[in-house]
Amino acid sequence: MILSGRGVTAVLGPTNTGKTHYAIERMVAHDSGVIGLPLRLLAREVYTRLVEKVGHHNVALITGEEKITPHRARYSVCTVEAMPRETTASFVAIDEVQLAGDLERGHIFTDRLLHLRGRGETLLLGAATMRPILEQLLPGITVVERPRMSQLLYAGSKKITRLPHRSAIVAFSADEVYAIAELIRRQRGGAAVVLGALSPRTRNAQVALYQEGDVEYLVATDAIGMGLNLDVDHVAFAQDRKFDGYQFRHLNPAELAQIAGRAGRHMRDGTFGVTGRVDPFDNELVHRIEAHEFDPVKVLQWRSKAFDYSSLAGLKKSLDAAPTVPGLARALPAVDQQAFEHLARYPEVVDITTNAERVEKLWEACALPDYRRITPAQHADLISTIYADLVRRGTVNEDFMAEQVRRADHTDGEIDTLSARIAQIRTWTYVSNRPGWLADPTHWQEKTREIEDRLSDALHERLTKRFVDRRTSVLMKRLRENAMLEAEISVNGDVFVEGHHVGQLTGFRFTLATGGDGPDAKAVQGAAQKALALEFEARAARLHASGNNDLALSSDGLVRWLGDPVARLAASDHVMRPRVILLADDQLQANAREHVLARIERFVNHHIGTVLKPLDDISRAEDLEGLAKGLAFQLVENLGVLFRRDVADEVKSLDQDGRASIRKYGVRFGAYHIFLPALLKPAPAELITLLWALKNDGLDKPGYGDLIPMLAAGRTSVVTDPSFERTFYKLAGFRFLGKRAVRIDILERLADIIRPLLQWKPGTQPRPEGAYDGRRFTATTSMLSILGATPDDMEEILKGLGYRADSVKAEEAVAFLAGQDGTATAAAAVSEPVAVDDADAADGAVEAETVVVEAAAGEAEAAAASIDAQSAEAQAAEGGEPAEAKPVLLWRPGTRQDNQRQGGRPQGEHRRGGGQRHGQGRDEGRDGGRKGGQAARGKRHEGGKPEGGQRQERGDRHDRHDRGGKPNQAKFEARPPRREKPVDPDSPFAKLAALKEQMKK
């Protein structure tokens, strides 16, 4: 082999030296020319530039998969593999000649640079590391070294999310590229991806996405190092090891420089560095890359082009031939040679390969690229099928090809699926472009090209959808153009900038959409705020003019306007006048803000004044004086409910006029509570609970709002939850009584039922259901009915109210009651009502009038039911003997002695049988209550309603007034009667007594 470099010029240098641009300029200076490029993508770029210079009819594009060949085209742009072996063109150029040292493709570049020449000029373009080997192999060659037009500087290590705009991140596996692109999309808005596995059309589209500024980042493999002219300012290596087809190895300094050199274009400097898990480059490596000092290429890969087609063995021998020129090394078997070696062992292939023509045809078939990246054996099987058709039929079986093409013609699926289909269709695109392989090559070229384009577009769409935030893409482009961004707001509050949703306007607050923290965030917010400023003013005007129905106060303390929160309530000095805090951005300013605040405050005050009207009225009452005014103040501070025991002294000291003045505001003086019955409804209770929670930081306390549904459901008593804040029961209108809580008004009805049982006088008829001896009573079905409770619940409730139980045997209780009923006269005198001057008793008489009527129905329905003693009596009458009758509990008001006996137990706790002994109670019953009458008088409170053993002077008054001068009155007295006070004719009780007298007449 005698080689010559005469007429050959090598233009060498690092990246960004303008070598490719120089080659194009030299090419159009000749009447014809051929240029070979390492990538189909780069070939398409050069083709486009040439078309711009000389017109599309003068330029041909020839690759393994694509042919654009205008008639009499003067210039041809090819991939190196598609370059002709010989040419008559005046100009020939081969780019990136340093790839002649590549283990996989090097032998093709070596063949072209050694043998392909232009008639007038031949240019070899590549790295300066090629100078020694070129001068050795091509004596007489002219070498021109070009300096880099800008500096390349090392920028160290940076996190991926902190890389500057216009950065290319380099990795060497598809998985790593996709992972990095996904991270950048989430953090910085999006990235374009470039991989060798993508189709050229998809890579072009992704590069255009980056070049046109739709995204600021490019994630790629080392494919970008092959001469692509990209607008890259920084190259970051996320990996520095790659699989070269044979092994994993670190990139050498020249390879790193080839990729890093993509940073900086023309006169603009570029930087490079590392990111991710790559260790920072050492100083020596950095210096070599910055100074472009690399070890020279010493050996080029070579494979003989003198093929012996006489037989399969002859061809194999020629492929294994060794070079005879120093500086060349026999290349490792490439894909075509590997396929040939497999096929040479197939009996069916050997049988039909009987002459030189067929050997040459087999070798031509072996040139089919392995786009699918499958195993050599699988790739050889496909070639075997094609080769068999070519030998037996003269062309590839179009039915078989149609089936293969049909399988690939689907645009559904994700990235990997589409990539596999593109690889498959590229195989058949290559087949359709081989001369003589198909009967109708034009049809199949168009068909496969159409499918490949459609799949490529679908893949580009999937990549963009997955790795690019389109909103950011458009906005960044508009920002670079310094254009005014257009913003608009929809009727439901969606905010759009340049047609892309960027956030939501709720009330007077703007929330940026997810992912709005990228580089465009400030610009987006700025554009949105301009539109929001006008919208805020318009909304403020609409809210100011809106009616109360457009506003609502929710249980979380938020004021909502048409469903959107516009303010929240906070505690103030007055529990009924909470403070209003606007929920609005700073864009709501000056008069608009004041108008909005004033309108919301008016609504809140009106809402509280309407829902809590009784409480609001009493808080504003100006006709209350003295103790009545103080009691009203406490009632407001406690949001409508006072425990009577807490204000016992004030109530006792309150005169009739004071009571009347406060009662006209709807206040009820009950046995246990001073309260406003109108507030014992769900809406007032919910608002009362909210006001208390605002004042006491209770919105997050356990049980907040959980009791209102029970009140709305009509529950009269509920099982208590020990984890709940106890005050919530009171606010919802329930009295907490240990394990159960009872509605306040129901407790007053219970007191109305118990009162006559403790006022009943033994010997009179009829005996009320549940009455026992005038001092004690038993639980009745009417009590259970109004409480919605079980007998066990009833015990808990009565204990909680301060009653104490004496346990007696059922048969003894039956015998005692039988004695009581038998000794009574048929015409027992009816006690006449006695007028009293105690306002509390008057309250009880008047207020109980309605409640007793309401309770009558329940008592009538329960008349057939019997207490435990009556059950025992029925069993005895039937002659049956119960195994063990349940004891009867006789309830009586508790005393101080009871509390002392229980060792200071909390209210509501009681030991069964912890009262008097049964024998003692029975004796007291027999002697007519000589001792019990005095005890009963000392224990009654508000008609027999104790409050935990407190003093009960008012109960004594009831006993005194109820004597009424009856003949048997001395029998039940323990002390002489006191002198009666004169009757107040205006007393409600006196009026009731007069009405009763009239009814008797």
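The rules behind these values
Residues numbered from 1 in each chain as written. Predicted model: local features only at pLDDT ≥ 70, side-chain atom pairs only at ≥ 80, totals over all residues. Heavy atoms only, no water. Pairing = 2+ DSSP bridges. Helix = DSSP H or I, 4+ residues; strand = E, 2+ residues; numbered from the N terminus. Axes fitted to C-alpha atoms, helices over the stretch in contact; angles between N-to-C directions. Buried < 20%, exposed > 50% of the residue type's maximum accessible area, 1.4 Å probe, protein only. Contact = heavy atoms within 4.5 Å. Polar contact = N/O pair within 3.5 Å; in protein donor to acceptor, adjacent residues only side chain to side chain. Parallel < 35°, antiparallel > 145°, perpendicular 65-115°, else oblique. Left-handed = near helix turned anticlockwise from the far one by under 90°. Nonpolar A, V, L, I, M, F, W, Y, C, P; charged D, E, K, R; others polar. pLDDT = per-residue confidence, 0-100. Core = buried A, V, L, I, M, F, W, Y, C linked by side-chain atoms within 4.5 Å. Patch = residues over 30% accessible without salt bridge, like charges linked within 9 Å, V, L, I, M, F, W, Y side chains within 5 Å. Areas by Shrake-Rupley, 256 points an atom, 1.4 Å probe, with all protein chains shown as cover. Salt bridge = Lys/Arg side-chain N within 4 Å of Asp/Glu carboxyl O.

## Side note on the sheet that holds strand E10 (residues 167–170)
The strand order E9-E16-E13-E10-E12-E11 describes an open sheet built from six strands, whose pairing is parallel. In the strand order of this sheet, the two ends are held by strand E9 (152–157) and strand E11 (192–194), each with one partner. Neighbour-to-neighbour, the strand axes of the sheet open up by a mean angle of 20°, direction not taken into account. Inspection of the sheet shows E11 paired to strand E12 (residues 217–220) by three bridges, in the parallel sense. Considered in E12, the bridge of Val 193 is made with Val 219.

## Structural notes on helix H7 (residues 253–260)
Of all the positions in H7, only Leu 256, Ala 257, Gln 258, Ile 259 and Ala 260 are classed as buried. Those residues of H7 that are buried lie in contact with E9, E10, strand E13 (234–237), strand E16 (270–274) and helix H8 (283–291). The backbone nitrogen of Ala 254 has a side-chain oxygen 3.1 Å away, supplied by the residue at the start of H7, namely Asn 252.

## Notes on the sheet that holds strand E2 (residues 33–37)
Strands sit in the order E4-E3-E5-E2-E6-E7-E1-E8 across an open sheet of eight strands; the sheet is mixed. Each edge of the sheet is formed by a strand with only one pairing partner; in this case those strands are strand E4 (67–68) and strand E8 (142–145). Bridging between strand E6 (residues 91–94) and strand E7 (residues 121–126) involves four bridges; their strand directions are parallel. Considered in E7, the bridge of Val 92 is made with Thr 122. Contacts between helix H2 (residues 40–54) and the sheet are confined to E2, strand E3 (59–62), E4 and strand E5 (75–79), with E3 contributing the most and set at about 170° to the helix.

## Quick look at the packing of helix H9 (residues 312–319) against helix H10 (residues 335–343)
For any two helices packed against each other, the geometry is given by the interaxial angle and the distance between the axes. The geometry of H9 relative to H10 is characterised by a closest axis approach of 11 Å and an angle of 150° between their N-to-C directions. With respect to H10, the element H9 is oriented roughly antiparallel. Every pair of crossing elements has a handedness; the one defined by H9 and H10 is left-handed. Across the interface between the two elements, Leu 312, Leu 315, Lys 316 and Leu 319 of H9 pack against Gln 337, Phe 340 and Glu 341 of H10. By residue class, the composition of the contact of H9 with H10 is four nonpolar, one polar and two charged.

## Here we look at the side chain of Thr 122
Within the fold, Thr 122 resides in strand E7. Among the polar contacts made by the side chain of Thr 122, one reaches the main-chain amide nitrogen of Gly 118 at a distance of 2.9 Å. What Thr 122 contacts, discounting residues up to four positions off in sequence, is Gly 7, Val 8, Thr 9, Val 92, Leu 116 and Arg 117.

## With respect to the environment of Leu 676
Within the element layout of this structure, Leu 676 appears in the loop between strand E29 (673–675) and helix H24 (682–695). Looking at Leu 676, the relative accessible area reads 2%, which means it is buried. C-alpha of Leu 676 to C-alpha of Arg 663: the two residues are 13 residues apart in sequence and 9.5 Å apart in space. Discounting residues that sit within four places of it in the chain, Leu 676 has contacts with Pro 614, Leu 615, Leu 635, Gly 640, Tyr 665, Gly 666 and Val 667.

## Concerning the pairing of E13
Burial along E13 is two-sided: the face carrying His 234 and Ala 236 and the face carrying Val 235 and Phe 237 are both buried. Across four bridges, E10 lies against E13 in parallel orientation. Looking at the pairing, Val 170 lines up with Phe 237 of E13. Pairing of E13 with E16 involves four bridges; the strand directions are parallel.

## As for the confidence of the model for the protein chain
Of the residues in the protein chain, 80% have a pLDDT of 70 or more, and the chain-wide mean is 81. This stretch, residues 903–945, has a pLDDT under 50; its non-local contacts, to residues over four places away or in other chains, come to 100 contacts. Counting contacts from residues 948–979, a segment whose pLDDT is below 50, to residues more than four positions away or on other chains yields 70 contacts.

## Observations concerning the nonpolar core
The biggest cluster of nonpolar side chains holds 71 residues, and the ones touching the most others in it are Phe 508, Val 559 and Ile 600. Take this core: its biggest share by element is eight residues, from H24. Ignoring any residue separated from it by four or fewer positions in sequence, one finds Val 559 in contact with Leu 551, Ala 552, Leu 553, Asp 564, Pro 565, Val 566, Ala 567, Leu 569, Ile 600, Phe 603 and Val 604.

## Concerning the packing of H10 against helix H13 (residues 376–392)
In the contact formed by H10 and H13, the axes pass within 9 Å of each other and the chain directions differ by 75°. Here H10 is positioned roughly perpendicular relative to H13, judged by the angle of their axes. Contact residues: Val 335, Gln 338, Ala 339, His 342 and Leu 343 in H10; Pro 376, Ala 377, His 379, Ala 380, Ile 383 and Ser 384 in H13. Residues of the contact of H10 with H13, tallied by class, amount to seven nonpolar, four polar and no charged.

## Looking at a nonpolar patch on the surface
Residues Leu 103, Tyr 246 and Leu 332 make up a contiguous nonpolar surface patch of roughly 240 Å² in combined accessible area. Its location among the elements puts Leu 332 in the loop between strand E18 (328–330) and H10. Using a relative accessible area of 37% as the deciding quantity, one classes Leu 332 as partly exposed.

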